[in-house]
Amino acid sequence: MKEDPPAPAFRRIVVATDVSMNAGIALRWAIALARTHDARITLVHAIEPLTLSSIPLALQDAVAQQMATLEDEVRTAGIEVTSHVGVGRTWEIVAEAVEEIDADLIVVGARGHTPYTGMLLGSTADRIIRTARVPVLTVHPGDAEAPEHIRTVLVATDFSEEAGLACEVTLRLLGPPRDHRLVLLHAWEPLVDYGFGVAGPIA
């Protein structure tokens, strides 16, 4: 019996960063994935000016220093890294970087610099997910401890074509065969509400 070919690895990972704590957590996950897939990382940061005037040199220098620090962190982990800084809306700058390096995965914090700590998904991450042409892995603040290898993935499915694609991406995410486990979840919700409940008094 002919075996199926192994799922293709992710080789070029874009990490969108606003240099926040949550972005740092996302970077740790990207480093773990890069080790699994022998991939390289491109750090992407967008400067969104409040006016059309030129970006102050002090801000440019600060961003350059921050990106250099992040690059050092990735290199120390033994991963090849480059960075890309653009002026504009974050999701557009990320899209530019994806096209430029032909990336096959985006990693982003579920939310960045925001005072609304109860948000599960920030507006920037949401827009990246909606506009990206490649898979996007969002990392939540509670996911601070990145695993050495991802071993168990829960995939929600409604048996649609999109759900099938999600399964394919999951197999790629898991990387070379180890003690992996993929759990499929399907929820069935009745279309008819029979109104079961406590009956009131009969007149």
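Fair warning: this is a prediction, and the values are worked out from it, not measured in the lab.

Now for the side chain of His 45. Here His 45 lies in strand E2 (residues 40-47). A polar contact of 2.9 Å, which involves the side chain of His 45, links it to the backbone oxygen of Thr 17. Here His 45 is in contact with Thr 17, Asp 18, Val 19, Val 63, Met 67, His 84, Val 85, Gly 86 and Ile 93, once residues within four sequence places are set aside.

Quick look at the packing of aromatic side chains now. Tallied over the entire structure, the rule returns 0 aromatic pairs. Residue placement shows Arg 127 over the ring face of Trp 91; its charged tip is 4.4 Å from the ring centre.

Right, let's get into helix H1 (residues 21-37). Between the first and last C-alpha of H1 there are 25 Å, a value that for 17 residues agrees with the 24 Å anticipated at 1.5 Å per step. Among the 17 residues that make up H1, 13 are buried, leaving the element largely enclosed by the rest of the structure. Residue Asp 38 follows H1 closely and has a positive phi angle near 55 degrees.

Next up on the list: empty space enclosed by the protein. Scanning the entire structure with this criterion turns up 1 cavity of 30 Å³ or more. Computed from the structure, the largest cavity encloses a volume of approximately 60 Å³. Where the lining of the largest cavity is concerned, the elements lending two or more residues are H1 and helix H5 (161-174). In terms of residue count, H1 provides more of the lining of the largest cavity than any other element does, 4 residues in total.

Right, let's get into the pattern of salt bridges. For the structure shown, the criterion picks out 8 salt bridges. A salt bridge links Arg 89 to Glu 92, with the nearest nitrogen and oxygen atoms 2.4 Å apart. A salt bridge links Asp 102 to Arg 133; its shortest N-O distance comes to 3.3 Å. Residue Asp 102 is located in the loop between helix H3 (90-101) and strand E4 (105-109), and its partner Arg 133 is located in the loop between helix H4 (123-131) and strand E5 (136-139); the two are separated by 31 residues in the primary sequence. Linked by salt bridges that have partners in common, Arg 12, Glu 99, Asp 102 and Arg 133 make up one network.

As a further point, take the packing of H1 against helix H2 (residues 57-76). Their axes nearest at 10 Å, the elements H1 and H2 cross at an angle of 35 degrees. Considering the relative orientation of H1 and H2, their crossing is right-handed. Seen from H1, the contacting residues are Leu 27, Arg 28 and Ile 31; seen from H2, they are Leu 70, Glu 73 and Val 74. Tallied by class, the residues present in the contact of H1 with H2 amount to 4 nonpolar, no polar and 2 charged.

Across the sheet, 5 strands lie side by side as E3-E2-E1-E4-E5; this open sheet has parallel pairing. Among the strands making up the open sheet, the edge pair consists of strand E3 (81-87) and E5. Strand-to-strand, the axes of this sheet are offset by a mean angle of 25 degrees, without reference to chain direction. The pairing of E4 with E5 spans 4 bridges and is parallel. In the strand pairing of E5, Ile 106 is matched with Val 136. The strands that H1 touches are strand E1 (12-16), E2, E4 and E5; relative to E4, the one it contacts most, it runs at about 150 degrees. The strands touched by H3 within the sheet are E1, E2, E3 and E4, with E2 carrying the most contacts at an inclination of about 150 degrees.

Now for unusual backbone geometry. Positive phi is not limited to glycine here, since Val 19 has a value of about 60 degrees. Looking at where Val 19 falls in the secondary structure, it is placed in the loop between E1 and H1. Overall, Val 19 belongs to the partly exposed group, its relative accessible area being 27%. Even without a glycine there, the phi angle at Asp 102 is positive, about 55 degrees.

Each value, and the rule that gives it
Residues numbered from 1 in each chain as written. Predicted model: local features only at pLDDT ≥ 70, side-chain atom pairs only at ≥ 80, totals over all residues. Heavy atoms only, no water. Helix = DSSP H or I, 4+ residues; strand = E, 2+ residues; numbered from the N terminus. Polar contact = N/O pair within 3.5 Å; in protein donor to acceptor, adjacent residues only side chain to side chain. Contact = heavy atoms within 4.5 Å. Phe/Tyr/Trp six-rings, centres within 6.5 Å; stacked < 30°, edge-to-face > 60°. Lys NZ or Arg CZ within 6 Å of the ring centre and 35° of its normal. Expected span 1.5 Å × (residues − 1). Buried < 20%, exposed > 50% of the residue type's maximum accessible area, 1.4 Å probe, protein only. 1 Å grid on protein atoms, 1.4 Å probe; cavity = no way out; pocket = protein on both sides within 12 Å on 5 of 7 lines; lining within 4 Å. Points joined across faces, edges and corners; volume = space filled by probe spheres on them. Salt bridge = Lys/Arg side-chain N within 4 Å of Asp/Glu carboxyl O. Axes fitted to C-alpha atoms, helices over the stretch in contact; angles between N-to-C directions. Left-handed = near helix turned anticlockwise from the far one by under 90°. Nonpolar A, V, L, I, M, F, W, Y, C, P; charged D, E, K, R; others polar. Pairing = 2+ DSSP bridges.

Note that all results are geometric; they support no functional claim without further evidence.
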